[in-house]
Amino acid sequence: MLKIKNYINGEFLEPNSDSYLDNFNPSTGEVYSKCPDSDALDVVLAVTSSKKAFVKWSKTGAQERADWLHKIADKLEEKFDEFALAETTDVGKPLWLSKKMDITRAIENFRFFASKILHKEERSTTMDDGSLNYELRQPVGVAALISPWNLPLYLLTWKIAPALATGNTAVCKPSEVTPVTAFMLAKVMDEVGLPKGVCNFVFGSGKETGSALVNHPGVDLVSFTGGTETGAVIATDVASQFKKTSLELGGKNANIIFKDADLDKAIETTIKSSFLNQGEICLCGSRIFIQEEIFEEFKESFVKKVKELKVGDPTAEGTFCGPLVSKGHLDKVMSCIELAKKDQGVVLTGGKSPEDLPQDLSKGYFLEPTIIDELSDCSELQQQEVFGPVVTIRSFKYPKEAVKWANTTPYGLSASIWTKDISRAHKVAAQLDVGTVWVNTWLKRDLRMPFGGVKASGLGREGGEDSLKFFTESKTVCISL
Ligand code: NAD
């Protein structure tokens, strides 16, 4: 059985407590690896190591740091298939998706920031008396990088790459639910010979390991992606120490489909935005609003196509949905469906485990893609994030209705608009309280653009220049000439 170890100061170490958490294969329900249950002492070791490494790493040139990131990316490319299979086994996501999205984008994260850091620009101004001001952007220090279970390697590298590129050192706390590819990444860093302590990995639960890390006074910056409730705890923890913090949190995203949309394209993409990665992507559009003139046509075709999606073995060709990540999460999603039924929701398809699973997958955490119609407005399901393969559909008459409903949740992460009328798309996009709006597409991501949410979906922006800004401190130098 795979026994994961912490990676601290260039060494693979057992946790101080010598205790481990079970890590399950969601396709079979079996424990297949052990994840360290690290405590505050492990965190102290890691932070101390990162603090020490910062002294030298922060002074290396941008080209040298870029070279290190490329070396890591090269190794990930070499081990691409191994990483993709590991991600699929750990999370349950289809193998084609691990390849197309998770591992590919993880490599892109390293390559992008390796290049970005070489083109860093700083401001300068001259004053009427000839005085010169210039801005220095310097690394912040030790970065705590905390990631969730749904896109494990992709989201962790989204933090590691800019943190290291800008001269910070890091302590990573990957999700205890899906720790395997982070452990493999630690091995890659060891293999390429990244200087000791530049990137440490401490595995364990959020409440103990994560909390000890966030609260450690040696940590200067926290980049967190995860649930809104956890984000609130972290925001409180960091407040009294004034740590630079970025919070990328949950979403309850709307998908607004106008009557003039290219319906075939809208349906094809809405299937993905609803059920890709089993709906376990913060950007999935879980509330679908369709203009009333095309509602019945959309509904009939959408339901028919969703019924045809293959749910099962994530390594098998043609599988669209694998299992949900854990038994606990499956139970939570099922309870949301029950709640919807109580609130007069009508399940058009799904809502149960597939019946034709082979014997070896019979204990896996599978759930058919679920579409719910006629759900009452005040139902909690219209407000709270499910983070699974469950969407609601609803018709609207006027654009302002759709905008109002889209904005009526505590969240504000993203939204999609489907229309051929570019002026309408522009007006509606401006009215939506979210961090990202897609028009006639979904999940297209340009790493140069800012990413983040408003309201309960988070604080701050990362991506492109915003990442460079977040991971550096600005200092103004004024010279009287
Ligand atoms: P989670 O909040 O339970 O855990 C995320 C990470 O935080 C894990 O590593 C966990 O161990 C750690 N953690 C938990 N409590 C902590 C604490 N008190 N202090 C420090 N660390 C702590 O989230 P999850 O269940 O792993 O992920 C699902 C959530 O993540 C969903 O809400 C989803 O929308 C969100 N998410 C958001 C984005 C985004 O970019 N906005 C991307 C992916 C996922």
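Cut-offs and rules
- Residues numbered from 1 in each chain as written.
- Predicted model: local features only at pLDDT ≥ 70, side-chain atom pairs only at ≥ 80, totals over all residues.
- Heavy atoms only, no water.
- Buried < 20%, exposed > 50% of the residue type's maximum accessible area, 1.4 Å probe, protein only.
- Helix = DSSP H or I, 4+ residues; strand = E, 2+ residues; numbered from the N terminus.
- Polar contact = N/O pair within 3.5 Å; in protein donor to acceptor, adjacent residues only side chain to side chain.
- Expected span 1.5 Å × (residues − 1).
- Arc of directions from axis to C-beta.
- Patch = residues over 30% accessible without salt bridge, like charges linked within 9 Å, V, L, I, M, F, W, Y side chains within 5 Å.
- Areas by Shrake-Rupley, 256 points an atom, 1.4 Å probe, with all protein chains shown as cover.
- Salt bridge = Lys/Arg side-chain N within 4 Å of Asp/Glu carboxyl O.
- Lys, Arg positive; Asp, Glu negative; His and termini not counted.
- Charge placed at Lys NZ, Arg CZ, Asp CG, Glu CD.
- Near = heavy atom within 4 Å.
- Pairing = 2+ DSSP bridges.
- Axes fitted to C-alpha atoms, helices over the stretch in contact; angles between N-to-C directions.
- Domains from an automatic or database assignment.
- Contact = heavy atoms within 4.5 Å.
- Buried area = accessible area lost by both parts, 1.4 Å probe.

> Which residues make up helix α7 (residues 206-215), and what are the values?
Inspection of α7 places Thr-209, Gly-210, Ala-212, Leu-213 and Val-214 among the buried residues, and these make up the whole buried set. Near the N-terminus of α7, the side chain that reaches the backbone nitrogen of Glu-208, with its oxygen 3.1 Å away, is that of Ser-205.

> Provide a residue-level description of helix α8 (residues 228-239), including the pertinent values.
An ideal rise of 1.5 Å per residue puts 16 Å on 12 residues; α8 measures up with 16 Å between its terminal C-alpha atoms. For α8, every residue scored as buried is listed here: Gly-231, Ile-234 and Val-238. The buried residues of α8 all sit within an arc of 65° when viewed along its axis, so they share a single face. More than 90 degrees from the buried face of α8, the exposed residues found are Glu-229 and Thr-236.

> Account for a negative patch on the surface, with residues named and values stated.
A contiguous patch of negative charge, built from Asp-262, Asp-264, Glu-296, Glu-297 and Glu-300, is present on the exposed surface. Here the negative patch takes 3 residues from helix α10 (residues 295-307), the largest share from any one element. Tracing the chain through its elements places Glu-300 in helix α10.

> Tell me about the site of the ligand, and please be specific about residues and values.
Near the ligand there are 29 residues, and of these Lys-173, Glu-176, Thr-230, Leu-249 and Glu-385 occur at the shortest range. With respect to the ligand, the side chain of Glu-176 contributes an N or O atom lying 2.7 Å from an oxygen atom. Within the side chain of Thr-230, a nitrogen or oxygen atom sits 2.6 Å from an oxygen atom of the ligand. Calculation on the ligand without its partners gives an accessible area of 840 Å², and the protein chains cover 89% of this total. Going through the elements one at a time, α7, β11 (221-225) and α8 are the ones with two or more residues in the shell around the ligand.

> Give me the lowdown on the sheet that holds strand β5 (residues 30-36), citing residues and values where you can.
Taken in spatial order, the 3 strands of this open sheet run β1-β5-β4, and their pairing is mixed. Taken across any chain shown, the strands that pair with only one partner, and hence form the sheet edges, are β1 (2-3) and β4 (20-25). Relative to β5, β4 is paired through 6 bridges, and the arrangement is antiparallel. Following the sheet pairing, Phe-24 is matched in β5 by Val-31.

> Run through the sheet that holds strand β23 (residues 472-479), naming residues and quoting values.
The strand order β6-β7-β23 describes an open sheet built from 3 strands, whose pairing is antiparallel. If you trace the sheet from one side to the other, it starts and ends with β6 (124-126) and β23, each paired once. Taking the axes of each pair of neighbouring strands and ignoring which way they run, one obtains an average angle of 20° across the sheet. Two elements, β6 and strand β7 (residues 132-139), share 3 bridges in a ladder whose sense is antiparallel. The partner of Ser-124 across the bridge, within β7, is Tyr-134.

> A description of the domain arrangement of the protein should follow, citing residues and the corresponding values.
Taken as a whole, the protein is organised into domain 1 (2-249 + 457-479) and domain 2 (254-447). Between domain 1 and domain 2, the C-alpha centre-to-centre distance is 30 Å. Counting residues at the interface gives 34 residues for domain 1, matched by 30 residues for domain 2. Regarding the contact of domain 1 and domain 2, the summed buried area is about 2400 Å², with carbon and sulfur atoms giving 61% of it. Three residues, Ser-27, Trp-149 and Ser-457, lead the burial of domain 1 against domain 2; their summed loss comes to 22% of the area buried on that side. Our count for the domain 1 to domain 2 interface comes out at 0 salt bridges. Counting the contacts that link domain 1 with domain 2 gives 10 residue pairs in polar contact (both at pLDDT 80 or more). Of all elements in the fold, only α3 (80-91), α4 (95-116) and α5 (152-165) reach the threshold of two or more residues within the side of domain 1 that touches domain 2. If one sorts the elements of the side of domain 1 that touches domain 2 by residue count, α4 sits on top with 8 residues.

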